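# A structural walkthrough
Here's the letter readout for the chains.
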Amino acid sequence: PSPPSSWPPLDEGLVSSEGDVVIAGFTAHAHKGLYACRGRAANSSALLYTCPTNLTHARISSHFREEPSNSTAVEGGVAILRCRAPPSHPRPLLWWTHNGRNVSNTNHTLTLPSGTLYVLGVGGEDEGSYACVAYNPVSHAKRKSRPALLLVEDSSVDSLPPPTITLPPHNVTVVEGEGVVMECGVEGVATPTITWHPLPPSSRVLASGALSLPSPRQGDSGTYTCTASSASGADTAQATLTVVVPPSIISTKTVHNSTFASLTCTISTSHPASVLWYGAGAWQGEELLDPLGGPLHSTLPLPLGMASLGLYQCLVINGWGCDHREIPLDLSFPPPSIPTTPTPSIPTTPTPSIPTTPTPSIPTTP
């Protein structure tokens, strides 16, 4: 079998002496796709691959997924201005402008990764025109939304309604260790108290009421509830956080007898993953592992001989990550053992003992 068609063969003309890929006159149609670095191990003919990387065209659309809308906030309350960036690769940088000036993240204004702007403790100075700006850091293209007007009105404490969560959290899936922010926004009334349950030790509630998990683990997966409460009442909203564990190789094992050998990779993954095998200078095959289908082991059987000796590579990959491990198959073949005939023992005749005559004692004359 051949390597997956999504892995193009190495084009020696694209590679510099340092191993970097240099593409002049890049076009998305001709060059986008998966790339992997391939090389030979030192003192070996074995071909080894890195985990692939995806090369795409840096671009940003002209149309925002959601444009900001005019809003009215109660003085002393919270104003929320929504903005969803245009489709872009890579992910764009987002910021807001107020009356033409950039809005910074402070204790008063906060822009979340989603693009939503929170203005806390709204005052008259916050009135004006707001716009959302999206910037592609690779193509340097910039998009600006249509402006939205924020008005601030006086309020009476006696007339404040109970809080209503107008920007609830949404179900989200992230890779383990990848930071995530779950929103919970209440606008138009005096700032309520926002609490979350559960509240993992590494998490914190932002001034906007959003829950930030800078490095979630798989154990943090579950349903999260945010509650907005004030003296006039309370409101709740829920969302599910799913933390995916990228595939990784836990251990490797080599077993052999006089005619066959087997190489085994033990895999940890929360989602189905493909295991690719390379070795002896050739592509060896592929296997799909499903974490719901039994033990996560991939075994490569090999006929044992001098031609099969060398360095092998086990590479596991899915949409959430990649890992690889190198396994040497380097056996010594001892010479065949030759049975030996034991040397017969020769009985020995014991040497006869010779009796000795005692020396007579000679009496002495006093």
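Residues numbered from 1 in each chain as written. Predicted model: local features only at pLDDT ≥ 70, side-chain atom pairs only at ≥ 80, totals over all residues. Heavy atoms only, no water.

## Structural notes on the overall build of the chain
Looking only at helices and strands, the chain features one helix and 31 strands. Across the 366 residues that make up the chain, the buried fraction comes to 35%. Within the chain, contacts between residues separated by at least 24 positions form 60% of all contacts whose residues are at least 6 apart in sequence. Carbon and sulfur atoms make up 55% of the accessible area of the chain, which amounts to about 21500 Å² in all. (Helix = DSSP H or I, 4+ residues; strand = E, 2+ residues; numbered from the N terminus. Buried < 20%, exposed > 50% of the residue type's maximum accessible area, 1.4 Å probe, protein only. Contact = heavy atoms within 4.5 Å. Areas by Shrake-Rupley, 256 points an atom, 1.4 Å probe, with all protein chains shown as cover.)

## Notes on the confidence of the model for the chain
Low pLDDT marks regions whose predicted coordinates should not be analysed in detail. Overall, the predicted model of the chain reaches an average pLDDT of 83, with 80% of residues at or above 70. Per-residue pLDDT stays below 50 along residues 333–338; that stretch engages in three contacts with residues further than four places along the chain or on separate chains. (pLDDT = per-residue confidence, 0-100.)

## Overview of the sheet that holds strand S23 (residues 222–230)
The four strands lie next to each other as S17-S24-S23-S20, forming an open sheet whose pairing is mixed. Bordering the open sheet on either side are strand S17 (172–175) and strand S20 (193–197), each of which pairs with just one other strand. The sheet shows a mean angle of 25° between the axes of neighbouring strands, direction not considered. Inspection of the sheet shows S23 paired to strand S24 (residues 233–244) by nine bridges, in the antiparallel sense. Its bridge partner being in S24, Ala-228 is matched across the sheet by Asp-235. (Pairing = 2+ DSSP bridges. Axes fitted to C-alpha atoms, helices over the stretch in contact; angles between N-to-C directions.)

## What about the sheet that holds strand S27 (residues 273–279)?
Ordered in space as S28-S27-S30-S31, the four strands form an open sheet in which the pairing is antiparallel. This sheet does not close on itself; its edge strands, each paired only once, are strand S28 (282–289) and strand S31 (321–329). Each neighbouring strand pair of the sheet contributes to a mean axis angle of 15°, computed without reference to strand direction. Pairing analysis gives seven bridges linking S27 to S28, with the strands arranged antiparallel. Counterpart to Gly-279 in the pairing with S28 is Ala-282.

## Some remarks on the nonpolar core
Core analysis: the largest hydrophobic core is formed by 19 residues, its most contacted members being Leu-263, Cys-265, Ile-267, Val-275, Trp-277, Cys-314 and Leu-329. When residues of this core are traced back to their parent elements, those giving at least two are strand S26 (260–268), S27, strand S29 (297–303), strand S30 (310–318) and S31. For this core, the leading source of residues is S26, giving four residues. Once residues lying within four places of it in the same chain are set aside, the contact partners of Leu-329 are Thr-254, Ala-261, Leu-263, Leu-302, Ser-308, Leu-309, Gly-310 and Tyr-312. (Core = buried A, V, L, I, M, F, W, Y, C linked by side-chain atoms within 4.5 Å.)

## What about the pattern of salt bridges?
All chains considered together, the criterion is met by one salt bridge. Across the salt bridge formed by Arg-217 and Glu-176, the nearest N and O atoms sit 3.5 Å from each other. Linking Arg-217 in the loop between strand S22 (211–213) and S23 with Glu-176 in the loop between S17 and strand S18 (180–182), this pair joins segments that are 41 residues apart in sequence. Take Glu-176: its relative accessible area is 25%, and that puts it in the partly exposed class. (Salt bridge = Lys/Arg side-chain N within 4 Å of Asp/Glu carboxyl O.)

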